[in-house]
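# Survey of secondary and tertiary structure
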Amino acid sequence: IFIAGNNSEAPTCITCHTVGTSAMSMQLGPNLEHIATEAATRIEGQVAYDYIRESILTPEQHIVSGYRISMYANYATDLSDQDLTDLLAFLMTLE
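Read on for an overview of the structure. Since this is a predicted model, take the numbers as computed values, not measurements.

### Some thoughts on helix α1 (residues 35–42)
Buried within α1 are the following residues: I35, A36 and A39. Down the axis of α1, the buried side of the element spans an arc of 95 degrees, and every buried residue falls inside it. In this structure, the buried residues of α1 make contact with α2 (48–57) and α4 (81–91).

### Some details on the layout of surface pockets
There is about 570 Å³ of room inside the largest pocket. Considering the residues around the largest pocket, the lining is formed by 33 residues, among which H17, P30, L32, S55 and M71 are closest to the centre. Put simply, the parts of the chain that give the lining of the largest pocket at least two residues each are α1, α2 and α4. Considering each element in turn, the lining of the largest pocket owes the most residues, four residues, to α2. In terms of residue class, the lining of the largest pocket is made up of 22 nonpolar, eight polar and three charged.

### A closer look at the packing of aromatic side chains
Applying the stated criterion across every chain yields a total of one aromatic pair. Ring geometry for Y72 against Y75: centres 4.9 Å apart, planes inclined by 70 degrees, an arrangement best described as edge-to-face. The exposure class of Y72 is partly exposed, given its relative accessible area of 22%.

### Topic: the pattern of salt bridges
One pass over the structure, following the stated rule, counts one salt bridge. Its salt-bridge partner being E38, residue R42 comes within 3.7 Å of it at the nearest N-O pair. Placement of the pair is R42 and E38 together in helix α1, with a separation of four residues, close to one helical turn. Taking the relative accessible area as the measure of exposure, R42 reaches 38% and is therefore partly exposed.

### Some remarks on the environment of P30
Its location among the elements puts P30 in the segment before α1. Residues P30 and G45, 15 residues apart in the sequence, show an inter-C-alpha distance of 22 Å. In this structure, P30 is in contact with H17, T18, V64 and Y67, ignoring residues within four places of it in sequence.

### Examining α4
Given 3.6 residues per turn, any residue in an α-helix points the same way as the ones three and four places further on. The set of residues buried in α4 consists of D83, L84, L87, L88 and L91. Projected down its long axis, α4 carries its buried residues within an arc of 125 degrees, all on one side. Contact partners of the buried residues in α4: α1 and α2.

### Regarding the nonpolar core
Generally speaking, a soluble globular protein has its nonpolar side chains buried in company with each other. Residues F2, I35, I52, I56, L87 and L91 are the most contacted members of the largest nonpolar core, which totals 19 residues. When contributions to this core are tallied by element, the ones reaching two or more residues are α1, α2 and α4. When neighbours within four sequence positions are excluded, F2 is seen to be in contact with T12, C13, I14, V19, L32, L87, F90 and L91.

The rules behind the values
- Going along each chain's sequence as written, the residues are numbered from 1 onward.
- Local features in a predicted model are, by the rule used here, given only for residues with pLDDT of at least 70; side-chain atom pairs are given and counted only at 80 or more, and totals for whole chains, interfaces and linings are based on all residues.
- The basis for the side-chain values is all heavy atoms of the structure; hydrogens and waters are excluded.
- Buried, partly exposed and exposed residues are distinguished by accessible area as a fraction of the type maximum, computed with a 1.4 Å probe on protein chains only: under 20%, between the cut-offs, and over 50%, respectively.
- Helix numbering and strand numbering both begin at the N terminus, where a helix is a DSSP run of H or I of at least 4 residues and a strand a DSSP run of E of at least 2.
- Arc definition: it is the arc formed by the directions from the helix axis to the C-beta atoms.
- Contacts were defined at the residue level, with two residues in contact if any of their heavy atoms lie within 4.5 Å.
- Put simply, the grid is 1 Å and covers the protein atoms alone, a cavity is a trapped set of points that fit a 1.4 Å probe, a pocket is an open set with protein on both sides within 12 Å along at least five of seven lines, and lining residues have an atom within 4 Å of a point.
- Grid points are joined across faces, edges and corners, and a volume is the space filled by probe spheres set on the points.
- Residues are sorted three ways: Asp, Glu, Lys and Arg are charged, Ala, Val, Leu, Ile, Met, Phe, Trp, Tyr, Cys and Pro are nonpolar, and all the rest, Gly among them, are polar.
- Each Phe, Tyr or Trp ring (for Trp, its six-membered ring) is paired with any other whose centre lies within 6.5 Å, and the angle between the two planes then decides the class: stacked below 30 degrees, edge-to-face above 60, tilted in between.
- Between Lys or Arg on one side and Asp or Glu on the other, a salt bridge is scored when a side-chain nitrogen of the former is within 4 Å of a carboxyl oxygen of the latter.
- Buried Ala, Val, Leu, Ile, Met, Phe, Trp, Tyr and Cys residues that are joined via side-chain atoms within 4.5 Å together make up what is termed a nonpolar core.

What follows is the structure, encoded as structure tokens:
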């Protein structure tokens, strides 16, 4: 899902995001290299998993400073529960 997609209309994550120093995307969204660590500090009292999940399903809720609202807005309908669980599990490894 992060790289290969899931056969839906939803773009892959690397369409807009990088991980580390990868040059695979256009960098429309923030670098996800330490997303699990950084997400835990974004909103006091909210754990990283919930912040990331909310950011995927309702991207307008959390806009990282320096970026604008440009994330694909239909992941909530285009990702299956299993796709979302798998994606979140992967993102939580990016400490």
